[in-house]
Amino acid sequence: MATRRAREVAGPRPLAGLEDPELRGIVAAQELARREAFDAAVVARAQERAESERAEAVEARARALRRGAVASRGSAWGTRAVEAAEALAGHVEAVVPAVGRAASGARLWGRLMALEEGWVRSGLPALSAWWSRELERWICGEQRGLVARVGRRGGKSSSICRWAVAEVVAGEHNVPDADLGVLAVVSAERKDARERVRSCGVLLARAGWREVRATGGTVKRGEFVQRLGSGDTELLIGTDFGVRCIRVFTATVRSVVGFTSIGIFGDEMARWRDEDADTNPADEVIASLMPTLATQPLARCAWVSSPWSTLDAHHRMFEAGDTPGQRVIYAPTWIANPTITEEQTRADEPDELKWEREYKAIPMPAVTSVFFDPAAVEACMALGEGRRGEK
């Protein structure tokens, strides 16, 4: 009796006592089908719950932004900056189920790892463990944006350039035939962005792409054209999806319009500068950049910088933390790039405040950045000289 009761509690055992092989096979198939149906139902419920939670998070973000817009009317921050923050949060992107972005990202990550294996075999240094882990979490995750605060010489450019190349050659972006998918590299100065494009050219060559001279013909699959002249600075790359482009832009509102973007690399964003206004133009530049992604819901944005002060847009994005639209990461130089030790960085920069900013990736307090910014001091001195000359 006890044994029978134990069997009833444990549930049926469909194959017990069945000696006929054919009958056993039928029962086993039925049991497998039942389990698969159960598993499918569990997965469907989990996906439905995840999408519902994501929708709720986006709506909560939208409500918070609307409240911020109302509260900021008439202030220096203003509604335009709130609109930029809304874009950064991913609120204006086309609705894509999280599982879709994650699945596409997983395929992209696999291609990046295949490329990385070839790059290392060709003699290039490997991604550090920190960069590899953080890039995988971002690319395979749900958030469009990556906000990275990393110390100087922390491997920012070399690591993000690897993502940029993989995004261009393997990203699943639906760009019309009459259009050109562009991955935008935005830097404070054109020469800095040009260096990033050169780095991407090296990566393509090491991965087997053949550099050809610029002609009026179509760039074929497996070929790339490098243009580094005074006009457009770009790479035209022949991929399985047609011709795509990595193009240089300076961080100005006028330069970042009029193209379809499949990705954005904001390089050293905390140090962007509008020379005329003597301010960091990141808020306005990003507000102009985000609409270039409007038709590309799987595009990604990497806003990568060492810190400067607590007054710029990159700092505000970092302080906002992880949201439905962005993932935030941080590392001092010696964590992101273990080939450099903390002791080396201290020897290179004995000034504690500068060391914290440049290598530990801690921004200067607002009061310090205002009163001791060299550009601000020079401007004040020039103003004083001018007034003395008027007397």
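Up top is the structure these notes are about.
Please read these numbers as outputs of a predicted model, since none were measured by experiment.

(A) Seen up close, the side chain of serine 128. By the secondary structure assignment, serine 128 is in the loop between helix H4 (98–121) and helix H5 (129–139). Of note is the side chain of serine 128, whose polar atom sits 3.2 Å from the backbone nitrogen of tryptophan 131. Discounting residues that sit within four places of it in the chain, serine 128 has contacts with Ala336 and Pro338.

(B) Just the environment of glycine 105, in detail. For glycine 105, the position within the fold is in helix H4. With relative accessibility at 0%, the residue glycine 105 sits in the buried group. Distance from glycine 105 to glutamate 136, taken between C-alpha atoms, is 8.7 Å for residues 31 residues apart in sequence. Not counting chain neighbours up to four residues away, the residues in contact with glycine 105 comprise Ile139, Cys140 and Arg300.

(C) Inspection of the sheet that holds strand S4 (residues 223–228) at higher detail. If you walk across this open sheet you meet the nine strands as S3-S4-S5-S6-S2-S7-S8-S1-S9, and the pairing is mixed. Strand pairing shows two members of the sheet lacking a second neighbour, strand S3 (210–211) and strand S9 (326–331), which therefore form its edges. Across five bridges, the pairing between S4 and strand S5 (residues 233–239) is antiparallel. In the sheet register, leucine 228 faces S5, and the bridge partner there is threonine 233. Contacting strand S1 (145–150), strand S8 (300–305) and S9, H5 crosses the sheet at an angle of about 170 degrees to S9. Lying over the sheet, helix H9 (residues 313–320) contacts S1, S8 and S9, oriented at roughly 105 degrees with respect to S1.

Calculation criteria
Residues numbered from 1 in each chain as written. Predicted model: local features only at pLDDT ≥ 70, side-chain atom pairs only at ≥ 80, totals over all residues. Heavy atoms only, no water. Helix = DSSP H or I, 4+ residues; strand = E, 2+ residues; numbered from the N terminus. Polar contact = N/O pair within 3.5 Å; in protein donor to acceptor, adjacent residues only side chain to side chain. Contact = heavy atoms within 4.5 Å. Buried < 20%, exposed > 50% of the residue type's maximum accessible area, 1.4 Å probe, protein only. Pairing = 2+ DSSP bridges. Axes fitted to C-alpha atoms, helices over the stretch in contact; angles between N-to-C directions.

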